[in-house]
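Single-letter residue listing:
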Amino acid sequence: MMTRGKIAFVASGGAARGLAHLGVLRACEELGLVPEIFVGTSAGAIVGAMYGQDIPLDVILDAYRLPWRRRHQGPRLHLSTFMGMPSLGELMDPGHLLSGAFSLGRFERYLRKHLPINDFRRLNHPVYLTAVDIDTAEREVFGPGYNEDVPVSQAVAASCSVPGVFRPMCIDGRYFVDGEVARTLSADLAVEAGAEVVIISNIYRPQREVEAKRSVARQGMHRVLRQSLSTLLTEKERRGVELLSKRYPHVTFIDIAPDLGPYGYFNRFAARPLVLRGYGTALRALAAAKENRVFDRTSIDVPGLRSVS
């Protein structure tokens, strides 16, 4: 009897724009697609660590909702959760204190308290989170078969340590920053874990307006920086997927890159449109994959698609 392949979900970073990952996962759920392997970096690490241990999507989304719109007694991920004050140890280490504006210690402690499972070895699904060792400049993988002894909360915080904004996360005497410093995505981890189909959720799609009424250059420094960062990371992601497709010809990569329009990286008030944009783009991409019979070799039976309003 032929062994059916697994489906993996690989998510990029993107701060608040990473909410679009939840829309991609919602589309997966509606189509009966159940990823069994999760890989995440930065914002994608938060989503992967939560959804990978079966926290419902609506509970995860609720973490970002405004207080009067919340429906569940789950985690609360607002700005103050991330912006921690320096610890006593950091105050005694001025070099580390000056390496970033904020500490992620508060965020790590919050996750440690609220995650149902904080041990990679006890998770129901393989979850792989990435960071970069700032001293060796090498990618560090947290998860089964790699650095699995580190608590999930510490791995997520390390993966979210955006250079300059946050001080590098110290784990066992080593210092880590955002995994996207090395790679936008780490889809190779999903393939090595046995995935036959890899669903990639990448929120760094730059805006392309050939006949725009006003150039990005005339929309302020923040728009220029966002467009430049999106272009850089999208190009890294595209080249990475091309390389992996050649290296693993038996694996299908479904690259989902929703157009997130003008919504910024710190606009958590745009949760609904960000999720809907991710959802709509994912439905179209997965419909095309279904027509090409991509999922025939997986253990998933994809039901008929329904129209998107």
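Every chain begins its residue count from 1, and numbering advances along the sequence as written. Given that this is a predicted model, residues contribute local features only at a pLDDT of at least 70 and side-chain atom pairs are listed and counted only at 80 or more, while totals for whole chains, interfaces and linings are drawn from all residues. Side-chain calculation: all heavy atoms of the structure are included, whereas hydrogens and water are not.

Visitor: Even after reading the chapter, I still don't get the packing of aromatic side chains, so can you show me in this structure?
Guide: Note on aromatic pairs: each is described by the distance of the centres and the angle between the planes. Note on aromatic contacts: the rings of Phe and Tyr and the six-membered ring of Trp form a pair at centre separations within 6.5 Å, being stacked when their planes are under 30 degrees apart, edge-to-face when over 60 apart, and tilted otherwise. Evaluation of the coordinates by the stated rule reveals three aromatic pairs. Judged by centre distance (5.8 Å) and plane angle (75°), the rings of Phe-38 and Tyr-51 are edge-to-face. Here the residue Phe-38 occupies a position in strand S2 (residues 37–40), and Tyr-51 occupies one in helix H2 (residues 43–51), the gap between them amounting to 13 residues. Using a relative accessible area of 2% as the deciding quantity, one classes Phe-38 as buried. Secondary structure elements are defined from DSSP: runs of H or I of at least 4 residues count as helices, runs of E of at least 2 residues count as strands, and each element is numbered from the N terminus. Between buried and exposed lies partly exposed: a residue is buried under 20% and exposed over 50% of the maximum accessible area for its type, with that area taken using a 1.4 Å probe on protein chains only.

Visitor: Mind showing me how you'd approach the environment of Ser-99 here?
Guide: On the secondary structure map, Ser-99 appears in the loop between helix H6 (94–97) and strand S3 (100–102). Note on Ser-99: relative accessible area 29%, which makes it partly exposed. The contact criterion used is simple: two residues touch if any of their non-hydrogen atoms lie within 4.5 Å. Filtering out sequence-adjacent residues up to four positions away, Ser-99 remains in contact with Gly-164, Phe-166, Arg-167 and Pro-168. Polar contacts here mean pairs of N or O atoms no more than 3.5 Å apart (in protein, one a potential hydrogen donor and the other a potential acceptor; neighbouring residues in sequence count only if both atoms are side-chain atoms). A distance of 2.5 Å separates the side chain of Ser-99 from the backbone oxygen of His-96, its partner in a polar contact.

Visitor: In this structure, what is going on with the nonpolar core? I would like to understand it.
Guide: One recurring pattern in soluble globular proteins is that nonpolar side chains are buried together. Among the nonpolar cores identified, the biggest contains 71 residues, and Phe-107 and Ile-199 are the most heavily contacted of them. Here Ile-199 is in contact with Ile-7, Ala-8, Phe-9, Val-10, Val-24, Cys-28, Leu-33, Ile-254, Ile-256 and Leu-286, once residues within four sequence places are set aside. Counting 19 residues, the second-largest nonpolar core is a separate cluster that includes Ala-8, Val-39, Ala-190 and Val-191. Buried residues of nine kinds, namely Ala, Val, Leu, Ile, Met, Phe, Trp, Tyr and Cys, make up a nonpolar core once their side-chain atoms join them within 4.5 Å.

Visitor: Even after reading the chapter, I still don't get helix H1 (residues 20–30), so can you show me in this structure?
Guide: Along an α-helix, residues three or four positions apart point the same way, because every turn accommodates 3.6 residues. Here H1 lies mainly inside the structure; eight of its eleven residues are buried. Packed against the buried residues of H1 are strand S1 (6–11), H2, helix H3 (57–62), strand S9 (195–201), strand S10 (252–256) and helix H11 (271–291).

Visitor: Explain empty space enclosed by the protein to me, please; I cannot follow it from the model alone.
Guide: A water-sized probe, rolled over the atoms, reveals where empty space remains. Each cavity reported here is a set of points on a 1 Å grid over the protein atoms alone in which a 1.4 Å probe fits but cannot get out, each pocket an open set with protein on both sides within 12 Å along at least five of seven lines, and each lining residue one with an atom within 4 Å of a point. Grid points are joined across faces, edges and corners, and a volume is the space filled by probe spheres set on the points. Inspection of every chain in the model, using the stated rule, returns one cavity of 30 Å³ or more. Around the largest cavity, the lining residues are Arg-17, Arg-205, Pro-206, Gln-207, Arg-223, Arg-226, Gln-227, Ser-230 and Gly-261.

Visitor: Would you mind going over a nonpolar patch on the surface with me for this structure?
Guide: A cluster of nonpolar side chains, namely Leu-88, Leu-91 and Met-92, defines an oily patch on the protein surface of about 380 Å² accessible area. Secondary-structure assignment places Met-92 in the loop between helix H5 (88–91) and H6. For patch building, the residue pool is restricted to those with more than 30% relative accessible area and no salt bridge; the joining distance is 9 Å between like charges and 5 Å between nonpolar side chains (Val, Leu, Ile, Met, Phe, Trp, Tyr). The method behind every accessible area is Shrake-Rupley, applied with a 1.4 Å probe, and residues are considered shielded solely by the protein chains displayed. One speaks of a salt bridge when a side-chain nitrogen belonging to Lys or Arg is within 4 Å of a carboxyl oxygen belonging to Asp or Glu.

Visitor: Looking at this model, I keep getting lost on the pairing of strand S4 (residues 127–133). Mind explaining?
Guide: The buried fraction of S4 amounts to seven of the seven residues, a majority that puts the element mostly inside the structure. The two faces of S4 match: Val-127, Leu-129, Ala-131 and Asp-133 on one face and Tyr-128, Thr-130 and Val-132 on the other face are all buried. Two strands pair if DSSP finds at least two bridges between them. Pairing geometry for S2 and S4, over three bridges, is parallel. When the sheet's bridge partners are listed, Val-39 is paired in S4 with Tyr-128. Here five bridges tie S4 to strand S5 (residues 138–142), and the two strands are oriented antiparallel to one another. Each bridged residue has a counterpart across the sheet, and for Val-132 the counterpart in S5 is Arg-139. Hairpin remark: S4 followed by S5, antiparallel, with four residues in the connecting loop; positive phi at Ala-137, about 60°. Where S4 and strand S8 (residues 174–178) come together, three bridges link them in antiparallel fashion. Following the sheet pairing, Ala-131 is matched in S8 by Asp-178.

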